[in-house]
Amino acid sequence: DGDGIPDDCEPDCDTDGVPDDCEEDCDNDGVPDDCANEPDCNGNTVPDSCDIADGTSNDLNGNGIPDECEDDCDGDGIPDDLEPDCDGDGIPDDCEPDCDDDGVPDDCEEDCDNDGVPDDCANEPDCNGNFKPDSCDIADGTSNDVNGNGIPDECEEDCDGDGIPDDAEPDCDGDGIPDDCEPDCDMDGIPDDCEPDSDGDGTPDDCEECPPPAAPCDLGCYSMGDKHVGAEFPPDYGIRLDGLFGDDDDHWTFSFEQPGTSGMMCYDGAGTITIEGLAYGGLDIGDDWAVGTESFLSVDFVYTGVECINDKLVIREGVGNGSGSITYLATGDTFTLSPKANGDGEFAIFDGNRLAGWLMASSGSEGIQDFTFSVTPISECPPEPDCDGDGIPDADEPDCDMDGTPDDCEVGNDCNGNGVDDSCDIFDGDSNDCNGDGIPDECQPDCDGDGIPDVCQNNPPLKCCEVDGPVTVYDHPYWGGEQFGGLISIDCYNYSSFSWDEHQSKFTEFADGTATLVGVMPSQSVNGSLHVSLTFYGRVDPGDSDYPPCNAPYLSLYSDLPNHYLAAYGGPVDPNSWHFYQTATGTVTGSGVFDGFQATWEIDGNCWDIPFQVGFGATGRHLGDGAGGWFDQIVHSQPYNHYYCFRDSDQYVELFLDFENCCPGDDVGYAAPRGDLVVPEEDSVLEKDHAGTVTDPVPWSPADED
């Protein structure tokens, strides 16, 4: 050490020939490391403190012991007491058992059953895949185990998904399928397999399209058997037809309980029983059927008008009826059948157990002919109604008015002749029916021709008549004028005769005491017409307190007219049967050469004007059913063609109306229909002028007939 003292004279604690001052003294404490007597856990002849100080060793926990000398169970160079220890048992987690190698010691894993095996490593069932044994799910309530079989319910079969295992659900038929998962056609909670099924077809009675009838009056069908009580043996029989082939002493019986036979009776719930079947039998000789007579019998019968009385189906004479046939297949003979009443007037009776009835066959026999069938309810549907027997059910036939009766079976009213039933015309909107009586409006009386039937009018017409007859215009006689019979002045001094066009002219009387005259009067000499629209008011009838009205014609005028003149009309003329309209007003317009003409015709009812007369022989201008009267004419404008004109004043018009084609009839409110008048040529007729004054008799001629 260059201290001037030879090495041999220096202290040498370990007697190795190297003075202590020259030995390693890592901690500089004057004691060579070899002689320091300090821990050297790693045996590198360097004190642990020096290993730590010079970084040769780590001392992570600062306890003065090099880490390599500490416990390090996993050999990662980190002392165990510095390693994670989840359970605090002094053993680092890395050195604890870890069955699933997830880095978490088993002691720190979930162990729901405390068996020392973590749940992840328990190798127990985990049906729901939640990494937890099923037993633990059940134990801690995570899962239910309704049936206690150790399997969580969510892992059991659960056909209805209600969370309850199938084997814990009700199972009425014990087939292992819960009731909720079985077919249940009526959705009443009872599986079909546990419902009544009378015919064993797998469909419960409640779900059959036509379930077996429960009571005689229910819709449904029955299979037919034979009558046993009181039957002749052998054989039993369901049908007895004595004298089927003419000999009343022969008893022909037929059974519905022999091989190959079948029979069905159905009630449609609406008054019809059908019976169809194939029976077997023949000539009954007491203990068998006579050899050679045995054969099948085809039966086809229908009862209508069936009633439900006291919970029985009864077909009564005068109410119901029946028809059908039987065919003896051995010979092909067919006999028609009709019902025969018993002493109580009954054709047949059905009480739910048997159907019994009495028959007449077209064989002409007077023997006993009857039947009695025992029955068993079955789930069959009665034959669908087929009103016209064409094999197509009524429900599949056209039914324009949707009233349930096919068009082919409607009564067939076709009042308008369009080939379509009236009910269909109405339903389809092709015809109106204002009063809902099923008759198209166009077929109802419509006296005024306005398209609205009389029954639907607010003011219904009482009588409507087409009219014809001449029209006359007079210069007013009280002003010195001249009478021009049958003429209206033209060009103010020429004249043209007019007459009603009966096809365009109509007189209508209404319930409210008014009347209308609407018509066309063509000129008889030029191409022109007058168009009239008049309304009449103030009707006065015989028996009214103001009858006859002011200025009425002389009512006894025709009292002595020979009756034979009017015999064909139902005469004599009786003015006391006429009725009157006291006022009237309306317009007249021209067309053709009279285009532009406008006038007013009126009766003002001031006792100067004569009231309008209606009745048999009215006005004396005809001897038939009609009307007439006199109107003041007030001209408002002349025709555009100035060659023709109407006198502006001092004229009045006499209208004659002969009634034709009256509706609702010529006999309503009048004496009698029109007819052909026959008057001896040597006799004469009476006329009167505009004021009702009797004129001298004039010779009669055929031209006077109107």
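Further up the page is the structure itself.
Owing to the predicted nature of the structure, the values given are computational and were not obtained by experimental measurement. (Residues numbered from 1 in each chain as written. Predicted model: local features only at pLDDT ≥ 70, side-chain atom pairs only at ≥ 80, totals over all residues. Heavy atoms only, no water.)

### Concerning the state of the cysteines
Cut-off, in case you're wondering: Two cysteine sulfurs form what is called a disulfide whenever their separation falls within 2.5 Å. A run of H or I in DSSP becomes a helix once it reaches four residues, and a run of E becomes a strand once it reaches two; helices and strands are each numbered from the N terminus. The buried label applies to any residue whose accessible area, calculated with a 1.4 Å probe on protein chains only, is under 20% of its type's maximum; exposed applies above 50%, and partly exposed to all values in between.
What the rule picks out here adds up to six disulfides. Between the sulfur atoms of Cys221 and its disulfide partner Cys266 the distance amounts to 2.0 Å. Across the S-S bond of Cys221 and Cys266 the torsion is about 110°, and the bridge reads as right-handed. Within this pair, whereas Cys221 is found in strand E1 (residues 220-224), its partner Cys266 is found in strand E4 (residues 262-267), the two being separated by 45 residues in sequence. Exposure class is identical for Cys221 and Cys266. Each is buried. Here Cys415 engages in a disulfide with Cys443; their sulfurs sit 1.8 Å apart. Its S-S torsion of about 85° marks the bond between Cys415 and Cys443 as right-handed, since a negative value means left-handed. With Cys415 in the loop between strand E13 (369-378) and helix H3 (422-428) and Cys443 in the loop between H3 and strand E14 (461-468), the pair connects residues that are 28 residues apart, well separated along the chain. Classification of Cys443 as partly exposed rests on a relative accessible area of 28%.

### Let's talk about unusual backbone geometry
Note that the residue after Tyr547, namely Pro548, is joined by a cis bond; omega there is -10°. Along the chain, Pro548 falls in the loop between strand E21 (528-540) and strand E22 (579-592). For Asn310, which is not a glycine, the phi torsion comes out positive at approximately 55°. Secondary-structure assignment places Asn310 in the loop between strand E7 (307-309) and strand E8 (312-316). Judged by its relative accessible area of 71%, Asn310 falls in the exposed class. Positive phi is not limited to glycine here, since Asp311 has a value of about 60°. Within the secondary structure, Asp311 sits in the loop between E7 and E8. Classification of Asp311 by relative accessible area gives partly exposed; the value is 45%.

### Considering the side chain of Ser431
Threshold: Two residues qualify as a contact provided that any one of their heavy atoms is within 4.5 Å of a heavy atom in the partner residue.
In this structure, Ser431 sits in the loop between H3 and E14. Each residue touching Ser431, except ones within four places of it in the same chain, is listed here: Asn416, Asp425, Ile426, Pro440 and Glu442.

### Focus on the nonpolar core
In plain terms, the rule: Only buried Ala, Val, Leu, Ile, Met, Phe, Trp, Tyr and Cys residues count toward a nonpolar core, and they belong to the same one when joined by side-chain atoms within 4.5 Å.
Among the nonpolar cores identified, the biggest contains 36 residues, and Ile239, Phe254, Met265, Ile273, Ile275, Leu297 and Tyr303 are the most heavily contacted of them. Judged by nonpolar contacts, the second largest core, of 33 residues, contains Phe536, Val593, Trp601 and Phe612.

### Re the environment of Pro133
Positionally, Pro133 belongs in the loop between helix H1 (48-53) and helix H2 (134-139). The exposure class of Pro133 is buried, given its relative accessible area of 3%. Separated by 21 residues in the primary sequence, Pro133 and Cys112 place their C-alpha atoms 8.1 Å from one another.

### Points about the packing of aromatic side chains
Our working definition: Any two rings among Phe, Tyr and Trp, with Trp reduced to its six-membered ring, count as a pair given centres within 6.5 Å; such a pair is stacked if its planes are under 30 degrees apart, edge-to-face if over 60, and tilted if neither.
Here the structure, examined in full by the defined rule, presents 19 aromatic pairs. Seen from their ring centres, Phe536 and Tyr581 are 5.9 Å apart, and the 55° between their planes marks the pair as tilted. Separated by 45 residues along the polypeptide, Phe536 in strand E21 and Tyr581 in strand E22 bring together distant segments of the chain. Tyr581 shares its class with Phe536; the two are buried.

### Quick look at the environment of Ile392
By the element assignment, Ile392 lies in the loop between E13 and H3. Its relative accessible area of 37% is what places Ile392 among the partly exposed residues. Non-local contacts of Ile392, meaning those with residues more than four positions away in its chain, are made with Asp386 and Glu397.

### Points about the pairing of strand E24 (residues 612-616)
Basically, it comes down to this: Only strands joined by at least two bridges in the DSSP assignment are considered to pair.
With five of its five residues buried, E24 lies for the most part within the structure. Sheet analysis places E22 next to E24, joined by three bridges and oriented antiparallel. Counterpart to His579 in the pairing with E24 is Val614. Pairing analysis gives four bridges linking E24 to strand E25 (residues 625-637), with the strands arranged antiparallel. Counterpart to Gln613 in the pairing with E25 is Gly628.

### Structural notes on the pattern of salt bridges
Keep this limit in mind: Any carboxyl oxygen of Asp or Glu that lies within 4 Å of a side-chain nitrogen of Lys or Arg is treated as forming a salt bridge with it.
A complete count under the given rule lists four salt bridges for this structure. Between Asp242 and Arg240 there is a salt bridge, with the nearest N and O atoms lying 2.8 Å from each other. In this structure Asp242 comes out as buried when scored by relative accessible area, which is 2%. Among the salt bridges present, the one from Asp541 reaches Arg539, with a minimum N-O distance of 2.9 Å. Owing to a relative accessible area of 23%, Asp541 belongs among the partly exposed residues under this scheme. The class for Arg539 is partly exposed, based on a relative accessible area of 25%. Here the residues in one salt-bridge network are Glu509, Arg539 and Asp541, joined through shared partners.

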